[in-house]
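# Summary of structural features
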Amino acid sequence: MKYILLIYSSDQAWATQTPAQLQEVMGRYRVFTESVRASGQMVGGEKLEPASTATTVRVRDGKTLTTDGPFAETKEQLGGFYLIEAKDLDEAIGIAARIPGAAYGAVEVRPISSMPSPPSR
Amino acid sequence: MQEAFATALDRWPVTGVPDNPRAWLVSAARNKAIDALRRRTRFDARRPELTALAALEESADVLDPPDNRIDDDRLRLVFTCCHPALALEAQVALTLRTLGGLTTDEVARAFLVPPATMAQRLVRAKHKIRAAGIPYRVPPDALLPARVDAVLATVYLIFNEGYAATSGDARVRHDLTGEAIRLGRLLVRLMPNVTEARALLALMLLHDARRDARVDAAGDVVLLEDQDRSRWDRAQIAEGVALTEAALREGGARPYALQAAIAALHAEASAAEETDWRQIAALYRELERAQPTPVVRLNRAVAVGMAEGPAAGLALMEGLDDALPGFHLVPAARADLLRRLGRWPEARAEYRRALEAAPSEPDRRFLSRRLRDVRPDGPPDSP
């Protein structure tokens, strides 16, 4: 069966780590990533930019509404995801707006961290 | 391009707009691209990348145009600063900082927040532009109308922050309205075919023309009908009126043009009694068609109350309490209409409701005076 593993942590805490602490954590992530790849169970995975870089997209009455920030309501819950390639945020927002869920819920557009990933096998 | 733009945001306010910003921006982009490629080659020794690096360095001369396109860059900057993915307060801060040329401290003072808070707001906004890939460009045709609206709305927000505030340093607030007007002029120059940009400038000039008559010695706001019109800036009114006429002629009955026309009609009346309320009411009807909001409806009700009598104005106020709960101007306006109809007990009730909702001392003082005017035994100074 496929599973999605969503990692929650404090952006604040990440921002206050020293370079040495960051190195240490990233090192442990590399080890973990390698092990999941090695077992053939890795389908995909990315580090996300912090929530402050997110944009939430809704479509109401045919109009695309964008708000700064991550999705933060309580009436709706995470129901699905797409991972896309787009040349800039406008293009990403345009794609998000076409997702059917955008018309009755919301789609959070979060940039993927552009830090170099560990080399693939 | 993203990083170079971020650098521009960082460096322009300090060093001023360079003589040839487009070339500077492009060469900055080139430098950063070269740096980025050099960094990446440490991770990845693919040969084509190095070839690309060489090609970039060679193309240096081709990318150095001699023409001075400051306005091109300002235009791109304005759309980037006002991008809808940024929080409104961030749009305002960025616009004032990068296009208005205000220091971070000046922007902080204008919005009555500590400088550190404003500095953080700007840092976060620039980081988002960079990290989320907000493009540095004039938006494509399909997005342009909505984006132009966003730019105009941001500038108008800056104006209203300065204009509506009755607290804080008066000089600083005037700096904000002045800055908004400057930005408005810049927009007219950058977007000569956008009639609403001209209309917005007109609207701001016309409102601002009354600045010396709006506040009395006690710091209370003086109603339009009570203002000393000899203190209005007539030159600014003339400019505002001319711009309004041009905007209406070329762009038609669009929201800012209609609001400017209403302001122009007020400004052209030599005395409050000379005000062309019928025209103003008609303009509000058009404005409500374009922008059917309860605030527009409220203003229209007041205008109709002047043009056709208080009963007609009252009829238009149906449902406004539900639409604008806690907004003191709704019961205040209704109270005024009832007072003019001689329905004083009802007027008293509405003035009391308005007093409960009034947000400031000057508002309460004004409403208390009005309440005294409709006392059972008549106003305080009646025989």
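Now for the overall build of chain B. Across its full length, chain B holds 19 helices and zero strands. A separation threshold of at least 6 residues defines the contact pool for chain B, and within that pool the share at least 24 residues apart is 58%.

Here we take up the overall build of chain A. Looking only at helices and strands, one finds three helices and three strands in chain A. Listing the helices and strands of chain A from first to last along the sequence gives α-α-β-β-α-β. Principal-axis analysis of the C-alpha atoms places the extent of chain A at approximately 50 × 35 × 30 Å. Residues counted as buried form 17% of the 121 residues belonging to chain A. By sequence separation, contacts in chain A at least 24 residues apart represent 64% of the contacts at least 6 residues apart.

With that settled, consider the interface of chain B and chain A. Counting from both sides, the interface comprises 14 residues of chain B and, opposite them, eleven residues of chain A. The element contributing the most residues to the side of chain B that touches chain A is helix H7 (residues 115-132) of chain B, with four residues. Per-class residue counts for the side of chain B that touches chain A are eleven nonpolar, one polar and two charged.

Residues and elements named next belong to chain B. Residue-level pLDDT values for chain B average 82, and 79% of them are 70 or greater. At the level of individual helices and strands, chain B shows its lowest average pLDDT in helix H3 (residues 47-58), which scores 40, and its highest in helix H15 (residues 310-315), which scores 97. Every residue in residues 11-30 scores below 50 in pLDDT, and together they form 30 contacts with partners more than four places removed in sequence or on other chains. Here residues 41-68 is modelled with pLDDT under 50, and outside its nearest four sequence neighbours on either side it reaches 23 contacts, counting other chains as well. In the predicted assembly, ipTM is 0.88 and pTM is 0.77.

This part is about the packing of helix H10 (residues 195-208) of chain B against helix H11 (residues 234-251) of chain B. Residues and elements named next belong to chain B. At a minimum axis separation of 8 Å, H10 and H11 run at an interaxial angle of 155 degrees. Comparing the axis directions of H10 and H11 gives the class roughly antiparallel. Here H10 and H11 pass one another in a crossing that is left-handed. For the pair H10 and H11, contact is made by Thr-195, Glu-196, Arg-198, Ala-199, Leu-201, Ala-202, Leu-205, Leu-206 and Asp-208 and by Gln-236, Ile-237, Glu-239, Gly-240, Leu-243, Thr-244, Ala-246, Ala-247, Glu-250 and Gly-251, respectively. For the contact of H10 with H11, a count of residues per class yields nine nonpolar, five polar and five charged.

Residue and element names in this part refer to chain A. If you walk across this open sheet you meet the three strands as E2-E1-E3, and the pairing is antiparallel. Where the open sheet ends on each side, the last strands, each with one partner, are strand E2 (63-68) and strand E3 (107-109). Averaged over all adjacent pairs, the angle separating strand axes in this sheet is 30 degrees, with direction ignored. Examined bridge by bridge, strand E1 (residues 55-60) and E3 share three bridges and lie antiparallel to one another. Along E3, the bridge assignment pairs Val-57 with Val-107.

What follows is about helix H5 (residues 88-99) of chain B. All names here are of chain B. Helix length check: H5 (twelve residues) gives 16 Å between terminal C-alpha atoms against 16 Å at 1.5 Å per residue, within 8%. Among the twelve residues in H5, ten count as buried, and that is most of the element. Within H5 the residues assigned to the buried category are Ala-90, Gln-91, Val-92, Ala-93, Leu-94, Thr-95, Leu-96, Arg-97, Thr-98 and Leu-99. Of the residues flanking the end of H5, it is Gly-101, one or two places downstream, whose phi is positive at about 75 degrees.

In this section: the packing of helix H12 (residues 255-268) of chain B against helix H13 (residues 277-290) of chain B. All names here are of chain B. It is the contact of H12 with H13, at a shortest axis distance of 9 Å, that shows an interaxial angle of 165 degrees. The pairing of H12 with H13 is recorded here as roughly antiparallel in orientation. Viewed along their axes, H12 and H13 form a crossing whose handedness is left-handed. For the pair formed by H12 and H13, the contact residues are Pro-255, Leu-258, Gln-259, Ala-261, Ile-262 and Leu-265 on the first element and Gln-279, Ile-280, Leu-283, Tyr-284, Glu-286, Leu-287 and Ala-290 on the second. Along the lines of polarity and charge, the residues of the contact of H12 with H13 split into ten nonpolar, two polar and one charged.

Right, let's talk about the pairing of E2 of chain A for a bit. Inspection of the sheet shows E1 of chain A paired to E2 of chain A by six bridges, in the antiparallel sense. Within E2 of chain A, the position partnered with Thr-56 of chain A by the bridge is Thr-67 of chain A.

What follows deals with the environment of Lys-126 of chain B. Looking at where Lys-126 of chain B falls in the secondary structure, it is placed in helix H7. The spacing of Lys-126 of chain B and Trp-344 of chain B is 218 residues in sequence and 56 Å in space, taken between C-alpha atoms.

All names here are of chain B. Given a rise of 1.5 Å per residue, 18 residues ought to cover 26 Å, and the 25 Å separating the end C-alpha atoms of H11 matches this to within 8%. Inspection of H11 places Ile-237, Gly-240, Val-241, Leu-243, Thr-244, Ala-247 and Leu-248 among the buried residues, and these make up the whole buried set. Each element contacted by the buried residues of H11 is listed here: H10 and H12. Trailing H11 by a residue or two, Gly-252 shows a phi angle of about 85 degrees, which is positive.

What follows deals with the nonpolar core. If you look at the biggest cluster of nonpolar residues, it comprises 101 residues, and the most contacted ones within it are Leu-206 and Ala-260 of chain B. No other element matches the ten residues that H12 of chain B contributes to this core.

We now examine unusual backbone geometry. Despite not being glycine, Asp-61 of chain A shows a phi value in the positive range, around 50 degrees. Here Asp-61 of chain A shows up in the loop between E1 and E2. Residue classification places Asp-61 of chain A among the exposed residues on the basis of 6 C-beta atoms within 10 Å. Phi angles above zero are rare outside glycine, and Leu-112 of chain B is one such case at about 55 degrees.

This part covers the environment of Ala-301 of chain B. Residue and element names in this part refer to chain B. Structurally, Ala-301 can be placed in helix H14 (residues 294-307). Classification of Ala-301 as buried rests on a count of 24 C-beta atoms within 10 Å. Counting along the chain gives 20 residues from Ala-301 to Ala-281, while the straight-line C-alpha distance between them is 8.2 Å. What Ala-301 contacts, discounting residues up to four positions off in sequence, is Gly-313, Leu-316, Met-317 and Ala-333.

So, how was this worked out
- Residues numbered from 1 in each chain as written.
- Chains lettered and ligands numbered in written order.
- Predicted model: local features only at pLDDT ≥ 70, side-chain atom pairs only at ≥ 80, totals over all residues.
- Helix = DSSP H or I, 4+ residues; strand = E, 2+ residues; numbered from the N terminus.
- Contact = placed C-beta atoms within 7 Å.
- Buried ≥ 20, exposed ≤ 12 C-beta atoms within 10 Å, placed from the backbone.
- Nonpolar A, V, L, I, M, F, W, Y, C, P; charged D, E, K, R; others polar.
- pLDDT = per-residue confidence, 0-100.
- Axes fitted to C-alpha atoms, helices over the stretch in contact; angles between N-to-C directions.
- Parallel < 35°, antiparallel > 145°, perpendicular 65-115°, else oblique.
- Left-handed = near helix turned anticlockwise from the far one by under 90°.
- Pairing = 2+ DSSP bridges.
- Expected span 1.5 Å × (residues − 1).
- Core = buried A, V, L, I, M, F, W, Y, C linked by C-beta atoms within 7 Å.

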